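# Structure assessment
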Amino acid sequence: TKYFTTLPAPTLSASSVSFGSGITIYTNRPTANVTSTLYYRIGSIGDTQIVSSVGDSYAWTVPNSAIGGFTNAASGTVTVTQNFYNGANYLGSTTNTFTGTIPKSIPTTNVSTADLGATITVSTNRVHASLTHKLYYAFGSVGKTLLADITIADSSYAWATTSALASALTTA
């Protein structure tokens with residue numbers, strides 16, 4: 001039986017990752033017969049198992065569902081914990097961290113003058129229900145103008161355009 005005085009921390013393929021994107025976790029296991037169980041912790045979300053019985057590395061997609069662990073922040077620390085095992089024997093654990101970022105979703109809807117005066121549906125492309133969106137419009141002589149502040153779990157907004165916007169567009 002080998003005894004290890006120091007267990008290596010996992011190495012990560014990136015220092016910052018957007019939710020919904022991938023990162024590779026390298027276990028740096030001390031011998032071939034040692035495996036790891038990997039967990040993540042984000043903000044208010046406690047340790048959640050990623051996978052068990054990992055050998056050298058594991059390619060993981062950071063789940064969008066974990067965004068809810070952050071409160072009113074665009075990014076935060078994600079802690080990866082690795083528990084080492086030799087068979088069923090627990091050897092210890094180590095951690096490493098990376099910055100998890102909430103992806104920016106910027107939907108664009110192109111509108112022609114023929115659309116003005118009609119109702120246009122704009123998708124918010126929400127990646128998590130806890131996110132809010134501010135919708136703006138701009139064209140011609142009309143600068144960036146707040147259209148709506150979406151704070152409920154809607155995935156789209158119905159915009160009733162006006163003919164006044166058409167005149168602003170045609171005079172620009």
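This report concerns the structure included in the present document. Since the model is a prediction, treat every value here as computed from it, not as a measurement. (Residues numbered from 1 in each chain as written. Predicted model: local features only at pLDDT ≥ 70, side-chain atom pairs only at ≥ 80, totals over all residues. Heavy atoms only, no water.)

## Topic: the pairing of strand E5 (residues 45-54)
Examined bridge by bridge, strand E4 (residues 34-42) and E5 share five bridges and lie antiparallel to one another. Note that in E5 the partner of Tyr 39 across the bridge is Gln 49. (Pairing = 2+ DSSP bridges. Helix = DSSP H or I, 4+ residues; strand = E, 2+ residues; numbered from the N terminus.)

## Remarks on the environment of Thr 94
Following the sequence through the fold, Thr 94 ends up in strand E8 (residues 89-101). For Thr 94, a relative accessible area of 12% corresponds to the buried category. Setting aside chain neighbours within four positions, we find Thr 94 in contact with Leu 7, Pro 8, Ala 9, Pro 10, Val 80, Thr 81, Gln 82 and Phe 84. At 3.0 Å, the side chain of Thr 94 forms a polar contact with the backbone oxygen of Pro 8. (Buried < 20%, exposed > 50% of the residue type's maximum accessible area, 1.4 Å probe, protein only. Contact = heavy atoms within 4.5 Å. Polar contact = N/O pair within 3.5 Å; in protein donor to acceptor, adjacent residues only side chain to side chain.)

## Looking at the sheet that holds strand E2 (residues 16-18)
Ordered in space as E2-E8-E7-E4-E5, the five strands form an open sheet in which the pairing is mixed. Two strands bound the open sheet, and with one partner strand each, they are E2 and E5. Taking the axes of each pair of neighbouring strands and ignoring which way they run, one obtains an average angle of 35° across the sheet. Relative to E8, strand E7 (residues 75-86) is paired through twelve bridges, and the arrangement is antiparallel. In the sheet register, Val 78 faces E8, and the bridge partner there is Phe 98. (Axes fitted to C-alpha atoms, helices over the stretch in contact; angles between N-to-C directions.)

## Overview of the pattern of salt bridges
Scanning all chains against the criterion turns up two salt bridges. One salt bridge connects Arg 41 with Asp 47, and the closest N-O pair in it is separated by 2.7 Å. (Salt bridge = Lys/Arg side-chain N within 4 Å of Asp/Glu carboxyl O.)

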